[in-house]
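Letter by letter, the chains look like this.
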Amino acid sequence: MLLIQTNRDAILKPLQSVIGIVERRHTLPILSNILIEKNGENLSVIATDLEIQITATSICQDELPDFSVTASAKKLQDICRAFPEDSKIALEKDESRLQIKVGKSRFNLQTLPANDFPILAPSGENRSYFKTTQKTLKNLLNLVQYAMAQQDIRYYLNGLLLVVESKLLRVVATDGHRLGMACFPLENTEDMAEGSAQEVILPRKTVIELIKLLTDNDEEVTIEIGQSQTRFSFSNVVLVSKIVEGKFPDYNRVIPSDYQNHIQIDRILLLQSLQRASILSNEKFRGVRLVLTQNSLRIICNNNEQEEAQEEIEVNYSGEPLDIGFNVNYLLDVLTNLSIPSITLSFGDANSSGLFTIPDNECFKYVVMPMRI
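Residues numbered from 1 in each chain as written. Predicted model: local features only at pLDDT ≥ 70, side-chain atom pairs only at ≥ 80, totals over all residues. Heavy atoms only, no water.

Under an unreviewed UniProt entry, the name given to the protein is Beta sliding clamp, and the source organism is Sulfuricella denitrificans. In the Subcellular location (unreviewed entry) part of its UniProt record, the protein is described as follows: "Cytoplasm". Listed in UniProt under the heading Subunit (unreviewed entry), the comment for the protein reads: "Forms a ring-shaped head-to-tail homodimer around DNA." (UniProt positions renumbered as here; feature names shortened; annotations may be inferred.)

And the structure:
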C-alpha cells in the first residue's frame, strides 16, 4: 500500500530536526523509532524519549489518504541521506514492514504499531503564553548553558531555570561551583499579572536541543508554560518538555553586590592569555591564580612537574593587592560564550567568589567560586 511519494527533503529535514532526542539503545524499543504522520498536506515526524517530544512538519501535496507509521529513526535517516537532494522517495506499508523506494533501490524496515507510540499529550492545566524571537532565546540560553550541572545527584541542577516576569525573561544555570544569569526584556506576556513571576526548570537535554534547533533570526517563538510541561513552537517545530521538579537555589543570594575591586579588560586578550597559561595547569584540578597588583594582572598556572606558565596584562587597577585561585575551565567557558569586546571582573577578597559582568549591562552576571591553589 503506497503511503506517500515525495522529494527526499520533505522527509529528511523534519527527521533531522527530531533525531537528536532519539535513544539508540532503550528499554522501550519503540523509542528508537520515529512516528511519521500525514494529515492533509502536513507531513509530521515525531520523536520522544518520554521527557521531551519534538514534532517537525513539512508540506506534502498529494491526494493519498492520511496515515501514521513508525520506523527506525537512525536507519531511515541514513537511507535518506544516502541519496541526492532531488531524489524522489516513496514509502509503502506491507503488514509490519515499511518499504522505502528510491529509483530502483529498495529498503525494507521493520515497523512497530503506530498506536503504541507514546505521545506527550497536552495537559489540561492553565498555561502562560509569551513570545520572543528565536535569536533572543538562543542567545540567552547560550549565555548560561555551560554552567548547567551534568549528572549531579541534585537533579534540579541538571537543567536551567527559566523565569518569566511581567516584562522580563530570565535564565539561570548553576552546577554549585559557578552560576550564570542572563535576562532580556519582554514586550508582552499574556495572562501575567503585573509584578508576578513564573519559574520552571528545563531539563539539560531540552536546553541543548533548543539551542540546536533555534535559528539566529527574528522569527517568532511562542513559549507556553504549564505546571508540568513547557511548549516551544517556532518555524516548523514544536518541542514539548516535561519540567524538572524541585526547588532551584536562590540565585540572588549567590550574586555579590558589594565588591570594591574592579578591572575592565579586553575579553579576547584575557581569553587568549588564560588559554596559553592553562597549557601548564594541573590536568586534574585545572587551577589558575589571578594576582592583582597596581595596574597589573598576572595569570599563573603550574602543575605537578614543577612547571609554570605566567602571563601579565596591564590593567587599570589601584585597589588592594589580591591573589585568588579559580578553575581555569570556568573562566574559559564564560569568555568563550560571550561576544562582547570587554568584560568587567569584580572581586572581594581571596576567599570570595569572582564576578564577571558586561560593562553597562545589568542583565548578565557570572559568579565563580574560588579554589585553593
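After that view of the structure, there is still more to cover.
Trainee: Just give me the short version of the UniProt feature "domain: DNA polymerase III beta sliding clamp C-terminal" (unreviewed entry) in the protein, but keep the residues and values in it.
Mentor: Mapped onto this structure's residue numbering, the UniProt feature "domain: DNA polymerase III beta sliding clamp C-terminal" (unreviewed entry) falls at residues 253-372. Secondary structure content for residues 253-372 is 19% helix and 43% strand, and the end C-alpha separation is 22 Å. (Helix = DSSP H or I, 4+ residues; strand = E, 2+ residues; numbered from the N terminus.)

Trainee: Any details on the domain arrangement of the protein? Residues and values, ideally.
Mentor: Under the domain assignment, the protein is made up of domain 1 (2-116), domain 2 (128-252) and domain 3 (255-368). If you average the C-alpha positions of domain 1 and of domain 2, the two centres end up 30 Å apart. Between domain 1 and domain 2, the residue contacts involve 13 residues of the former and 12 residues of the latter. Contact with domain 2 buries area across many residues of domain 1, yet E51, I52 and I54 alone supply 39% of it, more than any other trio. Run the count over domain 1 and domain 2 and you get 2 salt bridges. D49 serves as the salt-bridge partner of K205, at 2.9 Å between the closest nitrogen and oxygen. At the boundary of domain 1 with domain 2, the tally comes to 8 residue pairs in polar contact (both at pLDDT 80 or more). With 6 residues, the single largest contributor to the side of domain 1 that touches domain 2 is strand β4 (residues 52-59). A per-class count over the side of domain 1 that touches domain 2 returns 5 nonpolar, 5 polar and 3 charged. (Domains from an automatic or database assignment. Contact = heavy atoms within 4.5 Å. Buried area = accessible area lost by both parts, 1.4 Å probe. Salt bridge = Lys/Arg side-chain N within 4 Å of Asp/Glu carboxyl O. Polar contact = N/O pair within 3.5 Å; in protein donor to acceptor, adjacent residues only side chain to side chain. Nonpolar A, V, L, I, M, F, W, Y, C, P; charged D, E, K, R; others polar.)

Trainee: Any chance you could break down the state of the cysteines for me, citing the residues and the numbers?
Mentor: For the coordinates displayed, the defined rule picks out 1 disulfide. Across a sulfur-sulfur distance of 2.5 Å, C183 and C363 are joined as a disulfide pair. On the S-S bond that ties C183 to C363, the torsion sits near -100°, and the link is left-handed. With C183 in strand β12 (residues 178-185) and C363 in strand β25 (residues 361-368), this residue pair connects regions lying 180 residues apart in the sequence. Under the relative-accessibility criterion, C183 is labelled buried at 10%. Look at C363 and you get partly exposed, because its relative accessible area is 23%. Unpaired in this structure, C80 has its nearest cysteine sulfur neighbour in C60, at a distance of 13 Å. Of the residues examined, C80 reaches a relative accessible area of 0% and is grouped as buried. (Disulfide = S-S within 2.5 Å. Buried < 20%, exposed > 50% of the residue type's maximum accessible area, 1.4 Å probe, protein only.)

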